[in-house]
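Here's the letter readout for the chains.
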Amino acid sequence: MKRRQFVKASLLTTSVASVLAPINQATAAADVQQNASPEFYELRTYTLKNGRQLKIVQNYFQQAAIPAYNRLGSKNVGVFTEYLSQGFTKLVVLIPFTSLDAYLKISDQLASDSAYQQAGAEYLNAEATAPAYERIESSLLKAFSNMPRLELPEKKSRIFELRRYESPNETAGKKKIEMFNQAGEIAIFKRVGLTPVFFGETLIGPMRPNLTYMLTFDDMNEHDQNWKAFGGDPEWKKISSMPEYADAKIISNIHRTFLIPTAFSQI
């Protein structure tokens, strides 16, 4: 009897362990992700006036910048054009950095990279009478603690939504970041299909204080359906009904841009 009971107990323990193992592994992976050092992102918007400039800037990133950034440790560089754009107006670039130090060093490293200088000569040495672009608007962002790493979506045809939440003051901006992190808004996003690519607090750049994040969808139909699911989610309704998280208190403006990746974009 004792041996039979021991075998049954051993089988039960093994069975429970096999069920719990994937859960424990997922929890451990989530803890590692949450405790990881945050990435930093440079988010650039190029203002362009014609197809010639668009071609020069795209060639620069495809042939010179992305290979150089990858060599220097910045992986998954995203390059996007506007979705349903009216003419050649904007090119959006997302450059991840593993640390602030990596971001600070990149300019000097590129300046001494002969392969980069040669491949990017048309862009880097453009004459004032025929500039490669009109202006660059650039922001430095720090990844959120609950999503410290950029998450690559599946490589297929898709659209991206870049959203910027502006706050009336720094305290309100921190409160909105808290809502995404500690209150669980990021988790709700992922559960309802609002697939995030990154979340970042803008440290340097225009329209501060603000946070910026990117979502991705198969198409506009999925975009509309998943945002509707988010708006009706019971957990989201619970969080958003808390007085300290009311939009009227912590959000002063929401700006969004729809994008499509270029053929060479790594996102």
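Our subject is the structure listed above.
Residues numbered from 1 in each chain as written. Predicted model: local features only at pLDDT ≥ 70, side-chain atom pairs only at ≥ 80, totals over all residues. Heavy atoms only, no water.

**Side note on the overall build of the chain**
Helix and strand counts for the chain come out as 10 helices and eight strands. Put simply, the chain has 267 residues, and 40% of those count as buried. About 14,400 Å² of surface is accessible on the chain, with carbon and sulfur atoms providing 54% of the total. (Helix = DSSP H or I, 4+ residues; strand = E, 2+ residues; numbered from the N terminus. Buried < 20%, exposed > 50% of the residue type's maximum accessible area, 1.4 Å probe, protein only. Areas by Shrake-Rupley, 256 points an atom, 1.4 Å probe, with all protein chains shown as cover.)

**Considerations on the nonpolar core**
Core analysis: the largest hydrophobic core is formed by 26 residues, its most contacted members being Tyr46, Tyr60, Phe61, Tyr69 and Val79. Counting only elements with at least two residues in this core, the list comes to strand S1 (40–47), helix H2 (51–71), strand S3 (90–97) and helix H3 (100–111). Per-element accounting of this core gives the leading share, 10 residues, to H2. Apart from residues no more than four positions distant in its own chain, Tyr46 is found in contact with Val57, Tyr60, Phe61, Thr89, Lys90, Leu91, Val93, Tyr123, Tyr133, Arg135 and Ile136. Counting 25 residues, the second-largest nonpolar core is a separate cluster that includes Phe180, Tyr213, Leu215 and Ile250. (Core = buried A, V, L, I, M, F, W, Y, C linked by side-chain atoms within 4.5 Å. Contact = heavy atoms within 4.5 Å.)

**Overview of the packing of aromatic side chains**
How two aromatic rings sit relative to each other is given by the distance of their centres and the angle of their planes. Counting across every chain of the model gives 25 aromatic pairs. Note on Tyr46 and Phe61: the rings are 5.8 Å apart at their centroids and 85° apart in plane angle, and the pair reads as edge-to-face. Residue Tyr46 is located in strand S1, and its partner Phe61 is located in helix H2; the two are separated by 15 residues in the primary sequence. Taking the relative accessible area as the measure of exposure, Phe61 reaches 0% and is therefore buried. Taken together, a centroid distance of 3.6 Å and an interplanar angle of 5° make the contact between Tyr60 and Tyr123 stacked. In this pair, Tyr60 sits in helix H2 while Tyr123 sits in helix H5 (residues 121–124), placing the two residues 63 residues apart along the sequence. For the residue pair Tyr60 and Tyr123, the accessibility class agrees, reading buried in each case. One aromatic cluster is present, built from ring pairs that chain together Phe144, Tyr165, Phe180, Phe189, Phe199, Tyr213, Trp227, Phe230 and Trp236. (Phe/Tyr/Trp six-rings, centres within 6.5 Å; stacked < 30°, edge-to-face > 60°.)

**Topic: helix H8 (residues 220–231)**
The end-to-end C-alpha separation of H8 is 16 Å, in line with the 16 Å expected for 12 residues at 1.5 Å each. Close packing links the buried residues of H8 with strand S5 (159–166), helix H7 (185–192), strand S7 (210–217), helix H9 (234–240) and strand S8 (253–261). Between the side-chain oxygen at the start of H8 and the backbone nitrogen of Asn221 there is a gap of 3.2 Å, and the oxygen is on Asp219. (Expected span 1.5 Å × (residues − 1). Polar contact = N/O pair within 3.5 Å; in protein donor to acceptor, adjacent residues only side chain to side chain.)

**So, the sheet that holds strand S6 (residues 195–204)**
One closed barrel accounts for eight strands, arranged S1-S3-S2-S8-S5-S7-S6-S4; its pairing is antiparallel. The mean inter-strand angle of the sheet, taken between neighbouring strand axes irrespective of direction, is 35°. Alignment of strand S4 (residues 135–143) against S6, held across four bridges, turns out to be antiparallel. Counterpart to Lys142 in the pairing with S6 is Glu201. Against the sheet, H3 makes contact with S1, S3 and S4, and its axis sits at roughly 120° relative to S3, the strand it touches most. (Pairing = 2+ DSSP bridges. Axes fitted to C-alpha atoms, helices over the stretch in contact; angles between N-to-C directions.)

**Overview of the environment of Phe80**
Along the polypeptide, Phe80 turns up in strand S2 (residues 78–82). As for Phe80 and Ile159, which are separated by 79 residues in sequence, their C-alpha atoms are 9.7 Å apart. In this structure Phe80 touches Lys90, Leu91, Val92, Phe160, Met214, Leu259, Ile260, Pro261, Thr262, Ser265 and Ile267, once residues within four positions along its chain are discounted.

**A closer look at unusual backbone geometry**
Glycine aside, negative phi is the norm for most residues, and most peptide bonds take the trans geometry. In the segment running from Arg208 into Pro209, the intervening peptide bond is cis, with an omega of -5°. Along the chain, Pro209 turns up in the loop between S6 and S7. One non-glycine residue, Asn76, lies in the positive phi region at around 60°. Examined against the element boundaries, Asn76 turns out to sit in the loop between H2 and S2. The exposure class of Asn76 is partly exposed, given its relative accessible area of 26%. Positive phi outside glycine occurs at Met207, with the angle close to 60°. One can find Met207 in the loop between S6 and S7.

**Examining the pairing of S3**
Counting buried positions along S3 yields seven of eight residues, so the element is predominantly enclosed. Sheet topology note: the S1/S3 ladder contains eight bridges and is antiparallel. What sits directly across from Thr47, in S3, is Lys90. Where S2 lies against S3, four bridges are found, and the strand directions are antiparallel. Residue pairing in the sheet places Val79 in a bridge with Val93 of S3.

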